[in-house]
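Analysis of the macromolecular model
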Amino acid sequence: MLIVLQTIISYGSYYLYRTYKPSPSWKKLVVLLIVLTHFSFFAQFMFISDNPSFISMLPFLATSCHIFMCLGTLCGDIGTFLFIPFTMKISVAYQNFKLNFVPICAIILTAWSFINTILPPTHSTVHVPINGLDPKFDKLHIMHLSDIHVGPTTGKVFVDWLVSEVNTYNPDMVVITGDLVDSSVKNLRNAVWNLKNLESKYGTFYVTGNHEYYTNDVDNWLNYLRDQLGLTTLHNQHHVVKEGNASLCVTGIDDIQAEKMSYPDHSPDPVAAAEGCPPDTPIVMLAHQPKAAKLSIKSLPRVDLVLSGHTHGGQFFPVHIPVYLVNPYFAGLYKVYPDTHVYVSRGLRFYGAPMRLFSFPEFTSVYLHVKQQ
């Protein structure tokens, strides 16, 4: 995946250099921007610590500006093409305007989208009717966390804040639906340590996302989170929550990326995950990607609620468009069948470039209610 991204960025870098080479005022800045952007590939591995530093953040901020400049320049070139049928004088004037206007807009958008990532995430609330839910679980409060992406740009300070914030809501249960980390246990064990202090009645449940597999350390993460931090890791498994004689089955599946990365004992299996759940017991499924949510519903029609993440709500415009098109569920609550819902979180952080534009980070209180017949 990183090689694919670097290839795309390389094409963008050539495009920017070719465009701004004639401009003395922007040429040097564009060259510096290109160098820093490509250095972000190495920063993902070289500058991992408990908390991000200025050195680790700078290449990713440059990547944000690089992306906005590429998009802006492309739009400008389309505009230039539209002016070609008119006089050359208009075309030249427009070209000069574009060469100055696009970089300034890119810098402004980079700052705006970065500020959105450092503001506190939004706390959202959704209410889901569950058929067959025992009245003892009515108004059960699940705190849904997803896409924290602890790594070169997110560290211990954010995790500590998140744990403190979540605990103020007194949830009955906390679930983490993948993409928790972007590096190995060795590099990030201290950064995520405070997750053990998440407080809830029934505990914290966790499933893998695609980025756990990108770390090449997924098994160590499952062991560390379970054995050291006390999280209930659901590796195609389930956990029955009981309240007296009432029960609720919390199931979780591996991310679908595991199959593509040839992990022999990791692949999403909703049926295996739910095997052993008491009959007629409502099922809450944790599945990182919306595609895995669709798979869960198809393979296990009795599932009542699937909690997912992955999409980041598009993260920044115009990426919303392809993300919306390739995922069966984009963001928010979906009623798939009369008794089946899917909730897709926009996620708490971001991947790579620190950008959030028209897609704000969130953590969500999901309340289960007895469905009225």
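Preceding this paragraph is the structure being described.
Here's a quick rundown of the structure.

What the protein chain contains, in helices and strands, is twelve helices and twelve strands. What you see for the protein chain is a C-alpha radius of gyration of 23 Å, in line with the 21 Å of a compact globule of 373 residues. Summarising its shape, the C-alpha atoms of the protein chain cover approximately 80 × 45 × 40 Å along the three principal directions. Surface exposure of the protein chain reaches about 16800 Å², of which carbon and sulfur atoms provide 63%. Distance from the positive charge centre (25 side chains) to the negative charge centre (26 side chains) of the protein chain: 12 Å.

Attention now goes to the packing of aromatic side chains. All told, the structure shown has ten aromatic pairs when counted by the stated rule. With centroids separated by 6.4 Å and ring planes inclined at 90 degrees, the aromatic side chains of tryptophan 161 and phenylalanine 363 adopt a geometry described as edge-to-face. Of this pair, tryptophan 161 sits in helix H5 (residues 156-167) while phenylalanine 363 is found in strand S12 (residues 362-370), placing the two residues 202 residues apart along the sequence. Ring plane angle 75 degrees and centroid distance 5.8 Å describe the contact between tyrosine 169 and phenylalanine 363, whose orientation is recorded as edge-to-face.

In sheet architecture, strand pairing relies on hydrogen bonds along the backbone and comes in two forms, parallel and antiparallel. Reading across from one edge, S6-S7-S8-S9-S11-S10 is the order of the six strands in this open sheet, with mixed pairing throughout. Every other strand in the sheet has two partners, leaving strand S6 (237-243) and strand S10 (332-337) as the edge strands with one partner each. The mean inter-strand angle of the sheet, taken between neighbouring strand axes irrespective of direction, is 20 degrees. Two elements, strand S9 (residues 305-308) and strand S11 (residues 340-344), share four bridges in a ladder whose sense is parallel. Each residue of the ladder has a partner; that of serine 308, found in S11, is valine 344.

Right, let's talk about the state of the cysteines for a bit. Applying the stated criterion to the full structure yields one disulfide. What pairs with cysteine 249 in a disulfide is cysteine 277, and their sulfur atoms sit 1.9 Å apart. With the S-S bond torsion at -55 degrees, the cross-link from cysteine 249 to cysteine 277 turns out left-handed. Of this pair, cysteine 249 sits in strand S7 (residues 246-252) while cysteine 277 sits in the loop between helix H10 (270-274) and strand S8 (283-286), and the two are 28 residues apart along the sequence. For the pair shown, cysteine 249 and cysteine 277 are each scored as buried. Here cysteine 65 is not disulfide-linked; the sulfur of cysteine 70 is the nearest cysteine sulfur, at 9.8 Å. Free of any disulfide, cysteine 105 has its nearest cysteine sulfur in cysteine 75, 11 Å distant.

This paragraph deals with a nonpolar patch on the surface. Among the surface-exposed residues, Trp112, Phe317, Ile321, Tyr324, Leu325, Val326 and Phe358 lie close enough to one another that they form a single nonpolar patch of about 790 Å² accessible area. In terms of residue count, helix H12 (residues 320-326) provides more of the nonpolar patch than any other element does, four residues in total. Overall, phenylalanine 317 belongs to the partly exposed group, its relative accessible area being 45%.

Once that is clear, we can look at the pairing of S10. Here S10 pairs with S11 via five bridges, running antiparallel. Across the sheet, residue leucine 333 finds its bridge partner in S11, namely tyrosine 343. Two successive antiparallel strands, S10 and S11, enclose a turn made up of two residues.

We now examine the sheet that holds strand S5 (residues 232-233). Within the open sheet, the six strands sit side by side as S1-S12-S2-S3-S4-S5. Their pairing is mixed. Looking at the sheet topology across the chains shown, the edges are occupied by strand S1 (122-130) and S5. As paired strands, strand S3 (residues 173-177) and strand S4 (residues 204-207) are joined by four bridges and run parallel to one another. Among the inter-strand pairings, isoleucine 176 is bridged to a residue of S4, identified as tyrosine 206. Sitting on the sheet, H5 is in contact with strand S2 (140-145), S3 and S12, with an inclination near 165 degrees to S2.

Neither face of S9 is left uncovered, since the one carrying Leu305 and Leu307 and the one carrying Val306 and Ser308 both have all their residues buried. Direction of pairing for S8 relative to S9: parallel, over a ladder of three bridges. Residue pairing in the sheet places leucine 286 in a bridge with leucine 307 of S9. Note that the unit made of S8, helix H11 (residues 290-299) and S9 has a crossover that is right-handed.

Regarding helix H8 (residues 218-227), the residues found buried are Val218, Trp221, Leu222, Tyr224 and Leu225. The secondary structure elements touched by the buried residues of H8 are helix H6 (185-188), S4, helix H7 (210-214) and S5.

Across soluble globular proteins, you tend to see nonpolar side chains buried next to one another. Counting residues in hydrophobic clusters, the biggest one holds 29 residues, and the most contacted among them are Leu145, Val150, Val192, Leu195, Trp221 and Leu225. Secondary-structure elements contributing two or more residues to this core are S2, H5, S3, H6 and H8. For valine 150, the residues in contact, after removing those within four places along its chain, are Gly155, Val159, Leu180, Val181, Asp182, Ser183, Leu188, Ala191 and Val192. Of all hydrophobic cores here, the second largest spans 24 residues; its members include Val128, Ile130, Leu133 and Val241.

Definitions and limits used
Residues numbered from 1 in each chain as written. Predicted model: local features only at pLDDT ≥ 70, side-chain atom pairs only at ≥ 80, totals over all residues. Heavy atoms only, no water. Helix = DSSP H or I, 4+ residues; strand = E, 2+ residues; numbered from the N terminus. Rg over C-alpha atoms; globule rule 2.2 N^0.38 Å. Areas by Shrake-Rupley, 256 points an atom, 1.4 Å probe, with all protein chains shown as cover. Lys, Arg positive; Asp, Glu negative; His and termini not counted. Charge placed at Lys NZ, Arg CZ, Asp CG, Glu CD. Phe/Tyr/Trp six-rings, centres within 6.5 Å; stacked < 30°, edge-to-face > 60°. Pairing = 2+ DSSP bridges. Axes fitted to C-alpha atoms, helices over the stretch in contact; angles between N-to-C directions. Disulfide = S-S within 2.5 Å. Buried < 20%, exposed > 50% of the residue type's maximum accessible area, 1.4 Å probe, protein only. Patch = residues over 30% accessible without salt bridge, like charges linked within 9 Å, V, L, I, M, F, W, Y side chains within 5 Å. Salt bridge = Lys/Arg side-chain N within 4 Å of Asp/Glu carboxyl O. Contact = heavy atoms within 4.5 Å. Right-handed = clockwise from strand over helix to strand, strands pointing away. Core = buried A, V, L, I, M, F, W, Y, C linked by side-chain atoms within 4.5 Å.

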